[in-house]
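Report on the structure
Listed here are the chains, written in short residue letters.
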Amino acid sequence: MLFHTVIYAVFLPSVWLLYLLGGRISLRAQNFVLLVASYFFYGWWDWRFLGLIFISSLVDYIVGISLDATPTPRARRFVLLASLAVNLGILGFFKYYDFFISSLTDAASAAGLDVQAPVLRIILPVGLSFYTFQALTYTVGVYRRQVKPERDPIAFFAYVAFFPQLVAGPIERAGHMLPQFKHTHHISADDVTRGLRQITWGLFCKLVVADNCAIVANRIFDSHAHLPGSVALIGAFFFAFQIYGDFSGYSHIALGSARLFGFELMQNFATPYFSQSIPEFWRRWHISLSTWFRDFVFIPIGGSRVGKLRYAFNILLTFTVSGLWHGANWTFAMWGFLNGLYYLPNIFFAKRLESSATAQTLTRNRFVVVARVALTFFLTLLAWIFFRSKTIHAAFLMVGSIFSGSIATNPAPVLRQFGLLSAIVTAGAAIVALNVFEFIQRDKGFALQVESRPLATRWAAYACVVGLILCFRYTGSALDFIYFQF
Amino acid sequence: MRLRNTWRTLAIKITVAIGIFAAANLLTYETSGYFLREHEYYAVVAGFTEHQHVRSVFVGDSHVAQLDNEILADDAYNVAFGGDGLREIYAKLRYLLSRPNEIDTLFLTADAHMFGTGRLQSSNGAFADMYLLRTGSPFGLEHGRLATVFNLVPLFNDDFVQYLKLDIAKGWKRSPRGGDDEDTDAGWSSRPQEERERIARETGIGDHRGIGAHSEPFQWYVRIVDLARAHGVHVIAVRYPSTAAYLESETPADDMVIDRALAAVGVADILDYRHVFADASYFKDPDHLSKKGIAALMQLLENQTRRKLRAAGSDDQPAGTASAAASRSSDRRGLRD
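What counts, and where the lines are drawn
Within any chain, residue numbers begin from 1 and follow the written order of that chain's sequence. Each chain takes a letter, starting from A, and each ligand takes a number, starting from 1, following the order in which they are written. The predicted origin of the model limits local features to residues at a pLDDT of at least 70 and limits the giving and counting of side-chain atom pairs to 80 or more, whereas totals for whole chains, interfaces and linings rest on all residues. Where helices and strands are cited, they refer to DSSP runs of H or I of at least four residues and of E of at least two residues respectively, numbered from the N terminus. To sort residues by exposure, count the other C-beta atoms lying within 10 Å of each residue's C-beta; 20 or more gives buried, 12 or fewer gives exposed, and values between give partly exposed, all with C-beta atoms placed from the backbone. Here the globule rule is a power law, 2.2 Å times the number of residues to the power 0.38, and the radius of gyration is based on C-alpha atoms. Axis lines are fitted through C-alpha atoms, for helices just across the contact stretch, and the angle between N-to-C directions can take any value from 0 to 180 degrees. Orientation categories follow fixed angle ranges, with anything under 35 degrees roughly parallel, anything over 145 roughly antiparallel, 65 to 115 roughly perpendicular, and all other angles oblique. Handedness of a helix crossing follows the sense of rotation of the near helix relative to the far helix, less than a right angle counterclockwise being left-handed and clockwise being right-handed. Residue pairs qualify as contacts under a 7 Å threshold applied to their C-beta atoms, which are placed from the backbone. In this count, Pro and Cys sit with the nonpolar residues alongside Ala, Val, Leu, Ile, Met, Phe, Trp and Tyr, while Asp, Glu, Lys and Arg are called charged and the others, Gly among them, polar. Here the limits of each domain have been adopted from an automatic or database domain assignment. By definition, a nonpolar core groups buried Ala, Val, Leu, Ile, Met, Phe, Trp, Tyr and Cys residues that are joined through C-beta atoms within 7 Å. The quantity called pLDDT is the predictor's confidence in a given residue, expressed from 0 to 100. Here a helix's expected span is defined as the number of its residues, less one, multiplied by 1.5 Å. What the arc measures is the spread of directions leading from the helix axis to the C-beta atoms. By the convention used here, strands pair only if DSSP detects at least 2 bridges between them.

**Here's the deal with the overall build of chain B**
A count of helices and strands for chain B gives 13 helices and 8 strands. Burial status across chain B gives 39% buried among its 337 residues.

**Observations regarding the overall build of chain A**
When you go through chain A residue by residue, the secondary structure sums to 20 helices and 0 strands. For 486 residues, the compact-globule formula gives about 23 Å, and the C-alpha radius of gyration of chain A, at 23 Å, lands near that figure. Its C-alpha atoms give chain A principal-axis dimensions of roughly 70 × 65 × 45 Å. Within the span of chain A, comprising 486 residues, buried residues form 47% of the whole.

**Some remarks on the packing of helix H13 (residues 330–343) of chain A against helix H16 (residues 366–388) of chain A**
All names here are of chain A. Closest axis-to-axis distance for the H13/H16 pair is 7 Å, and the angle between their directions is 160°. By the angle between their directions, the pair H13 and H16 is classed as roughly antiparallel. Relative to H16, the crossing made by H13 is right-handed. Of the residues in H16, those touching H13 at Thr 331, Phe 332, Met 334, Trp 335, Leu 338, Asn 339 and Tyr 342 are Leu 379, Ala 383, Phe 386 and Phe 387. Class assignment for the residues of the contact of H13 with H16 results in 9 nonpolar, 2 polar and no charged.

**Thoughts on unusual backbone geometry**
All names here are of chain A. Phi at Arg 145 takes a positive value of approximately 60°, unusual for a residue other than glycine. Relative to the assigned elements, Arg 145 resides in the loop between helix H5 (128–143) and helix H6 (153–161). Judged by C-beta crowding, with 10 C-beta atoms within 10 Å, Arg 145 ranks as exposed.

**Here we look at the packing of helix H4 (residues 86–98) of chain B against helix H10 (residues 216–230) of chain B**
A packed helix pair is summarised by two numbers, namely the angle formed by the two axes and the spacing between the axes. Residues and elements named next belong to chain B. Packing of H4 against H10 brings their axes to within 9 Å, and their N-to-C directions diverge by 15°. Viewed along their axes, H4 and H10 adopt a mutual orientation that is roughly parallel. In the packing of H4 onto H10, the handedness of the crossing is left-handed. Here Leu 86, Arg 87, Ile 89, Tyr 90, Leu 93, Arg 94 and Leu 97 of H4 come into contact with H10, specifically with Pro 217, Trp 220, Tyr 221, Arg 223, Ile 224, Leu 227 and Ala 228. Of the residues contributing to the contact of H4 with H10, the split by class is 11 nonpolar, no polar and 3 charged.

**What to know about the domain arrangement of chain A**
Residue and element names in this part refer to chain A. Annotation of chain A at the domain level lists domain 1 (6–185) and domain 2 (191–276 + 357–485). The C-alpha-based centres of domain 1 and domain 2 are spaced at 29 Å. Per element, the largest residue contribution to the side of domain 1 that touches domain 2 is 3 residues, and it comes from helix H1 (residues 6–25). Taken together, the residues of the side of domain 1 that touches domain 2 break down into 9 nonpolar, 6 polar and 1 charged.

**Structural notes on the nonpolar core**
Ala161(A), Val209(A) and Val216(A) are the most contacted members of the largest nonpolar core, which totals 142 residues. Tallying contributions element by element places helix H9 (residues 229–260) of chain A first for this core, with 19 residues. Residue-level mapping places this core at the junction of two domains, with at least three residues from each of domain 1 (6–185) and domain 2 (191–276 + 357–485) of chain A. If sequence neighbours within four positions are ignored, Ala161(A) has contacts with Leu35(A), Ser38(A), Tyr39(A), Tyr42(A), Ile53(A), Ser57(A) and Leu166(A). If you look at the next biggest cluster of nonpolar residues, it comprises 67 residues, including Ala80(B), Leu132(B), Val233(B) and Ala237(B).

**Some points on the confidence of the model for chain B**
One rule of thumb: low pLDDT means the predicted coordinates there are not for detailed reading. Residues and elements named next belong to chain B. Across chain B, the average pLDDT comes to 85, with 87% of residues at or above 70. Counted against residues more than four places away or in other chains, residues 317–337, with its pLDDT under 50, gives 40 contacts. With a pTM of 0.83, the predicted complex shows an ipTM of 0.77.

**Observations concerning the interface of chain B and chain A**
Across the boundary between the two partners, chain B contributes 18 residues, which contact 15 residues of chain A. Going through the elements one at a time, helix H1 (7–31), helix H6 (144–151) and helix H7 (158–170) of chain B are the ones with two or more residues in the side of chain B that touches chain A. Here the side of chain B that touches chain A gets 6 residues from one element, more than from any other, and that element is H7(B).

**Some thoughts on helix H19 (residues 421–440) of chain A**
Taking 1.5 Å as the rise per residue, H19(A) with 20 residues should run 28 Å; its terminal C-alpha atoms sit 29 Å apart, in good agreement. Buried within H19(A) are the following residues: Ala423(A), Ile424(A), Thr426(A), Ala427(A), Ala430(A), Ile431(A), Leu434(A), Phe437(A) and Glu438(A). Projection of H19(A) onto a plane perpendicular to its axis shows the buried side chains occupying an angular sector of 165°, all on one side. In H19(A), those exposed residues whose orientation departs by more than 90 degrees from the buried face are Val432(A) and Val436(A). For H19(A), the secondary structure elements touched by its buried residues are helix H8 (189–221), H9, helix H18 (412–417) and helix H20 (455–472) of chain A together with H7 of chain B.

**A few points about the pairing of strand S3 (residues 105–109) of chain B**
Residue and element names in this part refer to chain B. Burial of S3 is extensive: 5 of the 5 residues sit out of reach of the surface. In terms of strand pairing, strand S1 (residues 56–59) meets S3 through 4 bridges, oriented parallel. Bridge pairing in S3 places Val 59 opposite Leu 108.

**Some details on helix H9 (residues 193–207) of chain B**
All names here are of chain B. Spanning 15 residues, H9 covers 21 Å between terminal C-alpha atoms, matching the ideal 21 Å at 1.5 Å per step. Along H9, the positions that sit buried rather than exposed are Arg 196, Ile 199, Ala 200, Thr 203, Gly 204 and Asp 207. Angular distribution of buried residues about the axis of H9 spans 130°; they occupy a single face of the element. Set apart from the buried face of H9 by more than 90 degrees, the exposed residues are Glu 194 and Glu 195.

**As for the confidence of the model for chain A**
Looking at chain A as a whole, the pLDDT averages 90, with 95% of positions reaching at least 70. At the level of individual helices and strands, chain A shows its lowest average pLDDT in helix H15 (residues 350–353) of chain A, which scores 65, and its highest in H9(A), which scores 96.

**Describing the pairing of S1(B)**
Residues and elements named next belong to chain B. Across the two faces of S1 the burial is the same, with Ser 56 and Phe 58 and Val 57 and Val 59 all buried. Bridge count for S1 against strand S2 (residues 76–78) is 3 bridges, and the pairing is parallel. Considered in S2, the bridge of Phe 58 is made with Asn 78.

**Quick notes on the environment of Asp269(B)**
All names here are of chain B. Positionally, Asp 269 belongs in the loop between helix H12 (252–264) and strand S5 (270–272). Classification of Asp 269 by C-beta neighbours within 10 Å gives buried; the count is 21. Separated by 31 residues in the primary sequence, Asp 269 and Val 238 place their C-alpha atoms 8.5 Å from one another.

**Considering the environment of Gln180(A)**
Take Gln180(A): it is sitting in the loop between helix H7 (174–177) and H8. The sequence separation of Gln180(A) and Phe296(A) amounts to 116 residues, and the corresponding C-alpha distance is 23 Å.

**Description of the environment of Phe238(A)**
If you trace the backbone, Phe238(A) turns up in helix H9. What Phe238(A) contacts, discounting residues up to four positions off in sequence, is Cys213(A), Val216(A), Ala217(A) and Ala427(A).

See below:
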């Protein structure tokens, strides 16, 4: 079930009403409503994969209680490893089996060996990476004694499957999320108002920005012709906003939906394209995943409290693994590695590059700030080319074209040939609107968080955003959220 | 400053928002060209109910719609509308056949462009949804009934949004089919031949793109024919006249694909008028007939089907030199006894 479809528009208020009724009965009734709704939501795609969520939840539920009951460190470690093996085993099998097998056979044939291994063409269950990582925060948290084991199965299963963030996050920490299932939610009118505002903003990001940009980006990236640098740059530019609008839009709808039920999810995006450096970008982009990798990969392998070379290695490894988390393809690994490379100057030249300025404090020399924002955006844009391209070779061709003389070529004839001129106008206008809103509201959690503005401003903002959704939304066949495939 | 909402203030705000939304919908519905077109669309189909004893029904897009109901006999009715695809034709036919009727013959377009990429998505798609909904069609509502009902709200209507975007874009660029004078009979024939051929060629290339590349149009054709047969209606496939330059982009391979499809579905009566008119005076644009052309075509249709199709008083118009009309299966004898 996609957030921007009619069925969700019916599903959400129906569950909300049931949830309110459940609140009149008991906390367990409320959680039960959420659990059933979440399984229904997930089963709408493919009910067969419900078994995976159930197994994952069951294993972690038992592991949590077992960890609490196991006193010896060695036994505790064994129980934790069992949980990791099951969770990561499911993830590894469904997401990476075919990838590693085909990579292995490719490598073997390159070395002159004839290796035959079966490729199973496994279907990746939607959201597997997200709920697996979320479940892991629980078992690791209990192991570290940071989280108390949850004994109420309904609360725990509802926590793992909570539908607003089930398929594409934010990846919540058990320590933040589980306690929210432990008290009855008395939903306030403020919760509903804020939730509706955030859902509206999310719909704008998805339907107006992302999907209109997708028309341009898809046409250019799916073209097999060798494109002039100017056209390649335009493709990368629109993809940068497609993926931002798509994923931030999803996150806003998720946060807004959760808010309707009185839940507070963590902020996942904080105007990342206004960042003045790559480290700042990663503090503002997909925050729940970045912090997950920081806490569960980067710090455990040594973090930054090591020598500079080791620190650099840790950074590169963490970014590359996070790239692979996105998808079983070397293009994603390259995307992560490239972002890791971008990070390195901050390790070796930290003092020179030390930046205290943020997009929220556009002070002093505005020219410098704009230049830094532009450079950061350009670097991320180059990395997105690897993220979006089908092969590393195609990505290098595109990047090469951007750094060739063809960057000065007039792109209009190619764009006209692709039938993209009017799509570019619509998508460009959407990007402008997005950035204007986000710049004005850059100190807020989302751009339509306007409750402190005067009445006329608030209603003007609503009218503007809703008007844009109604009149300039993408109208082709529904496009999935990009992150669903991860 | 943090404003605090109460349930009461929230209810008031939501009511106001719904009121504004309803008013915006009403305004859009009453003033937008898209919905004016919708009124016309429904009016054409509704007109069928005013004709008690219709036996022959014409369906298709603008190539068929040019046969205006005013020139048709009482027992013939044309529900064709510019921009219709085969899905829309199916929807209308379902609706007509679901009502009391005496239809025995369906003049179904078999123009090549109906099977091309351009007609996969019709601008009349949302109009036709109404007929599919009303008749409980098992086909055509791929997004589900709920989404279709949602689409009936003007500002939720995707086709309207598409229309709006195009309308805005038109402000910046001219229509590729040229100026307004093209829409008049004299306008087209008074253009230099070279220009006419260029426009016709460009239009043809656009219209004939992707013939045979998509299975959907052929599936709809089968559904239309099956539906007609299930109601005892005889199907005659018609290919309407166009200019030679327009038809250049329709390749023999395209024809073969369509012919095979018609044969597979058992449509044997095919009236092929594509090349019957050579003179520019028979056309008002690359693929639409002038009044003279329409009169000539009607005469050909009558002769070939041995059926009175023209209204009294409209059959004395000149038929021109259209003697070369050829039917692939029936030549010049009656198609149906």
